[in-house]
Protein chains: 2
Amino acid sequence: MVKVLLCLYDGGKHAQDVPALLGTTENELGIRKWLEDQGHTLVTTSDKEGPNSVFEKELVDAEVIITTPFHPGYLTPERLAKAKNLKIAITAGIGSDHVDLPAANKTNGGITVAEVTGSNVVSVAEHVVMTILVLLRNFVPAHEQVAKGNWDVAAVAKQEYDLEGKVVGTVAVGRIGERVLRRLKPFGCKELLYFDYQPLSADKEAEIGCRRVDSLEEMLAQCDVVTINCPLHEKTQGLFNKELISKMKPGSYLVNTARGAIVVKEDVAAALKSGHLAGYGGDVWFPQPAPADHPLRTAVNPFGFGNAMTPHMSGTSLDAQKRYADGTKAILESYLTGKHDYRPEDLIVYGGDWATKSYGQRDKVNKQ
Amino acid sequence: MVKVLLCLYDGGKHAQDVPALLGTTENELGIRKWLEDQGHTLVTTSDKEGPNSVFEKELVDAEVIITTPFHPGYLTPERLAKAKNLKIAITAGIGSDHVDLPAANKTNGGITVAEVTGSNVVSVAEHVVMTILVLLRNFVPAHEQVAKGNWDVAAVAKQEYDLEGKVVGTVAVGRIGERVLRRLKPFGCKELLYFDYQPLSADKEAEIGCRRVDSLEEMLAQCDVVTINCPLHEKTQGLFNKELISKMKPGSYLVNTARGAIVVKEDVAAALKSGHLAGYGGDVWFPQPAPADHPLRTAVNPFGFGNAMTPHMSGTSLDAQKRYADGTKAILESYLTGKHDYRPEDLIVYGGDWATKSYGQRDKVNKQ
């Protein structure tokens, strides 16, 4: 019989209000009864930081650990060394950078790391398009104005633009980046650009109407809007620092729904303050939950505009929660039945080796 | 030599900060020097309400009156009767419902009413798509949460949905409605519906992937999201009242960027309060500017969510301001040179008769 450790965010009264909030400690992805009926044990917690956390105490004899990117139970080399029974770490969602993957490849002869590929790519792509429009059209101060009882169109129209006619570029054109470009196609942008080591096929480029740019800096210099859609790894950590941001077009917008640690938060805040960036938005932070004094909670441009941040929620819409709960259950079933008939695209590391190029085949991942 | 009366919103320091804010009393659509160099007179004001307003006093001898939908100088039958010299009323933007069109047809032998067709259809369509995403993805409370220093994903994910898989319908599929549907196409909605007396061609329907529904009530019953894109006239004024809203799907969303008077504001607020509507958003109000106690400034659903209102700004992005300033100048030039070579699509009433079917051939328009 198997011990499963599940790390989710607390839903509190919201989880009672809305049973479809499956990704909460209360609703437990809907797997408790199903697991217990088979004689397995489920321990669920949101308490994940530090050596005295429930997560750290319970992982010593857990065979399966499940967490989400929204409230990740980090699996550092130190924690992996303690997890003597661990066989599989499942991400209920997409993005397994909370697991030290090189260490996972060496833990207990190589644990499996799997995620529910595709479960929230659409949700995130929608959040990106929303954030681009919210920033360009200056929605936040406009909404705040009417909520406060004021009326001053000029005060918000002074930095309101159309998306039509602008140049938008994505850093990486994987499952999410490509979906962002497809959704932008009918908006009549001046150009849709991408930077990626792996080009789209010529057919796809023609269908979407986008163009690859060889160098990241060259792309950034042309873009009114940049959207980050690459995984976090040693080459992307801290990528958007002061120096790279200085290559961006003055007055441009940056949207990050990938991972918080891909940007240097102080450098983004400074670029907003100077007006070099007109806006920054997205839903990812480092660490998560973001501390109350995280600079990107309140960073704004010289007009007081340009912040479109949310908590990490883009991939946890109620529609996405159903998909990642279903997908997690499928991975669990593959494991518990001993069939190991996983969907190949769900496997990140397997059998002591990388199963995907998105994260792997690198020396060091997740230094932070 | 001609007297031109121009009614715009005040830009204050914002107009100085941003010279591209052309639609302000300070920047005057960029036409003052051009008019004065030809010997004409320009009087500009934002003071438009009541018999002692500058607008009402100056209109008695104005030959040309220009205003915008964002801060409209209303031309009622009483005001038109006073405007003995008036020959042409120009809307710097789209939507001439602030002019009593039947009365205009009888004023001084029939004045010309013209607007800058197309000048902001894209801007408004973008605002619609943004508002749909903001409502479905529950952006407003999520952004407020991080700005306040909190972190509670469940508290906002509890009413966060994807647009993918939802049914969206537009009331009218004119220049804006069609552009909304085209922008929604790649989002993978379950269905895109429209209600309009004039169907799209079969080719366009196939291209967009949308379907006409014969009755408005039948369409509303199927929609997760309804977007209003019809002009205001006697058949649409107060259209979304308690009774019609009750035909909408419980928990659905309503977006109105057309005109405020198309909905009964108290009925919308009540439907939000009961949760029958999950959200309401858009940028149009009646009257404008909205009074500080307008119920739709603060109306929310039982979770405290579902308000995505802004001041009337969708069509007044800086990109749109350039287009409607250019278009207004072109109409003025057609008039002042005596050529009257207007773009046919810009004419609303001309020569004492309706020039468009969008508003006209009705007994009473703009009762309110």
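Residues numbered from 1 in each chain as written. Chains lettered and ligands numbered in written order. Predicted model: local features only at pLDDT ≥ 70, side-chain atom pairs only at ≥ 80, totals over all residues. Heavy atoms only, no water.

As a further point, take the overall build of chain A. For chain A, the helix and strand inventory stands at 14 helices and 14 strands. The C-alpha radius of gyration computed for chain A amounts to 21 Å, which stays within 12% of the reference 21 Å derived for 368 residues, consistent with globular compactness. In chain A, which comprises 368 residues, the proportion classed as buried is 61%. Sequence separation of 24 or more characterises 69% of the internal contacts of chain A that already satisfy a separation of 6 or more. For chain A, the accessible surface area stands at approximately 13300 Å², while carbon and sulfur atoms represent 50% of it. Seen as two clouds, the 41 positive and the 46 negative side-chain charges of chain A have centres 1 Å apart. (Helix = DSSP H or I, 4+ residues; strand = E, 2+ residues; numbered from the N terminus. Rg over C-alpha atoms; globule rule 2.2 N^0.38 Å. Buried < 20%, exposed > 50% of the residue type's maximum accessible area, 1.4 Å probe, protein only. Contact = heavy atoms within 4.5 Å. Areas by Shrake-Rupley, 256 points an atom, 1.4 Å probe, with all protein chains shown as cover. Lys, Arg positive; Asp, Glu negative; His and termini not counted. Charge placed at Lys NZ, Arg CZ, Asp CG, Glu CD.)

With that settled, the discussion passes to the UniProt feature "site: Important for catalytic activity" (unreviewed entry) in chain A. Residue and element names in this part refer to chain A. As recorded in UniProt, the sites labelled "site: Important for catalytic activity" (unreviewed entry) are Arg259 and His312. A maximum C-alpha distance of 9.5 Å among these annotated residues, which run over 54 residues, shows that they cluster at one spot. As for its placement among the helices and strands, Arg259 is situated in the loop between β10 (252–256) and α13 (265–274). Apart from the residues within four sequence positions on either side, Arg259 is in contact with Pro69, Ile94, Gly95, Asp97, Leu232, Val284 and His312. One polar contact links the side chain of Arg259 to the main-chain carbonyl oxygen of Ile94, over a distance of 3.1 Å. Here His312 lies in the loop between β12 (307–309) and α14 (318–336). (UniProt positions renumbered as here; feature names shortened; annotations may be inferred. Polar contact = N/O pair within 3.5 Å; in protein donor to acceptor, adjacent residues only side chain to side chain.)

Here the focus is the relation of the copies chain A and chain B. Superposing chain A onto chain B requires a rotation of 180° together with a translation of 0.0 Å along the rotation axis, leaving an RMSD of 0.0 Å. Both copies of the chain, as the preceding transformation shows, are related through a two-fold rotation axis. In terms of C-alpha distance to the rotation axis, chain A has Met130 of chain A as its closest residue, with the C-alpha 2.9 Å off the axis. The fraction of interface residues of chain A whose copies in chain B are also interface residues reaches 100%, indicating that both copies meet through the same surface. (Least-squares fit on C-alpha atoms with pLDDT ≥ 70 in both.)

Before going further, it helps to spend a moment on the interface of chain A and chain B. Tallying the contact residues gives 71 residues for chain A and 71 residues for chain B. When the two sides are added together, the surface that chain A and chain B hide from each other amounts to roughly 5800 Å², 64% of it contributed by carbon and sulfur. Seen at the junction of chain A and chain B, the total is ten salt bridges. Of the charged contacts, one joins Asp17 of chain B and Lys158 of chain A as a salt bridge, the two residues approaching to 2.6 Å between their closest N and O atoms. The tally of links from chain A across to chain B stands at 34 residue pairs in polar contact (both at pLDDT 80 or more). Only α1 (13–17), α6 (121–136), α7 (139–147), α8 (153–157), α9 (175–184), β12 and α14 of chain A provide two or more residues apiece to the side of chain A that touches chain B. Taken together, the residues of the side of chain A that touches chain B break down into 35 nonpolar, 20 polar and 16 charged. (Buried area = accessible area lost by both parts, 1.4 Å probe. Salt bridge = Lys/Arg side-chain N within 4 Å of Asp/Glu carboxyl O. Nonpolar A, V, L, I, M, F, W, Y, C, P; charged D, E, K, R; others polar.)

This next bit is on empty space enclosed by the protein. According to the stated counting rule, one finds three cavities of 30 Å³ or more in the structure shown. Of the voids in this model, the largest cavity is the one considered here, and its volume is about 70 Å³. Lining the largest cavity are 14 residues; nearest its centre among them are Val134, Leu135, Asn138, Gly306 and Asn307 of chain B. Sorting the residues of the lining of the largest cavity by element identifies α6 (121–136), α7 (139–147) and β12 (307–309) of chain B as the ones contributing at least two each. Here the element with the most residues in the lining of the largest cavity is α7 of chain B; it accounts for three residues. Partitioning the lining of the largest cavity into residue classes produces nine nonpolar, five polar and no charged. In this structure, the second largest cavity occupies an estimated 50 Å³ of space. When residues of the lining of the second largest cavity are traced back to their parent elements, those giving at least two are α7 of chain A together with α7 of chain B. Class assignment for the residues of the lining of the second largest cavity results in four nonpolar, two polar and two charged. (1 Å grid on protein atoms, 1.4 Å probe; cavity = no way out; pocket = protein on both sides within 12 Å on 5 of 7 lines; lining within 4 Å. Points joined across faces, edges and corners; volume = space filled by probe spheres on them.)

Residue and element names in this part refer to chain B. Across the sheet, seven strands lie side by side as β2-β1-β3-β4-β5-β13-β14; this open sheet has mixed pairing. Among the strands making up the open sheet, the edge pair consists of β2 (41–45) and β14 (353–354). Each of β3 (64–67), β4 (88–91) and β5 (112–115) is contacted by helix α14 (residues 318–336), which is oriented at about 165° to β4, the strand it contacts most. (Pairing = 2+ DSSP bridges. Axes fitted to C-alpha atoms, helices over the stretch in contact; angles between N-to-C directions.)

With that settled, consider the packing of aromatic side chains. Summed over the entire model, instances satisfying the criterion amount to nine aromatic pairs over all chains. Their ring planes at 85° and their centres at 6.1 Å tell us that Trp285 of chain A and Trp151 of chain B sit as a pair that is edge-to-face. Within this pair, whereas Trp285 of chain A is found in the loop between β11 (277–282) and β12, its partner Trp151 of chain B is found in the loop between α7 and α8 (153–157), the two belonging to separate chains. No difference in accessibility class separates Trp285 of chain A from Trp151 of chain B, as the two residues are buried. (Phe/Tyr/Trp six-rings, centres within 6.5 Å; stacked < 30°, edge-to-face > 60°.)

A few words on the domain arrangement of chain A. All names here are of chain A. When cut into domains, chain A gives domain 1 (3–115 + 317–354) and domain 2 (120–305). Spacing between the C-alpha centres of domain 1 and domain 2 amounts to 30 Å. Counting from both sides, the interface comprises 15 residues of domain 1 and, opposite them, ten residues of domain 2. When the buried surface of domain 1 facing domain 2 is broken down by residue, Tyr74, Ile94 and Asp97 rank first, second and third, together holding 47% of it. Remark: the boundary between domain 1 and domain 2 carries one salt bridge. Arg259 is the partner of Asp97 in a salt bridge, and the nearest nitrogen-oxygen pair spans 2.6 Å. (Domains from an automatic or database assignment.)

Of all the nine residues making up α7 of chain A, seven are buried; the element is thus mostly covered by neighbouring parts of the structure. Within the sequence span of α7 of chain A, burial applies to Phe139, Val140, Pro141, Ala142, His143, Gln145 and Val146 of chain A. Where α7 of chain A is buried, its residues contact α6, α8 and β12 of chain A together with α6, α7 and β12 of chain B. Looking one or two residues beyond α7 of chain A, the residue adopting positive phi is Gly149 of chain A, at roughly 90°.

Moving on, we come to the pairing of β5 of chain B. Consecutive side chains of a regular strand alternate in pointing toward one face of the sheet and then the other. Residues and elements named next belong to chain B. Both faces of β5 are covered, namely the face carrying Thr112 and Ala114 and the face carrying Val113 and Glu115. As paired elements, β4 and β5 share four bridges and run parallel to each other. Pairing of Ala89 across the sheet is with Val113, part of β5. You can see the chain leave β4, run along helix α5 (residues 101–106) and come back into β5, and the turn it takes is right-handed. Looking at chain direction, β5 and strand β13 (residues 347–350) are connected through two bridges and run antiparallel. Bridging from a neighbouring strand, Ala114 pairs with Leu347 of β13. (Right-handed = clockwise from strand over helix to strand, strands pointing away.)

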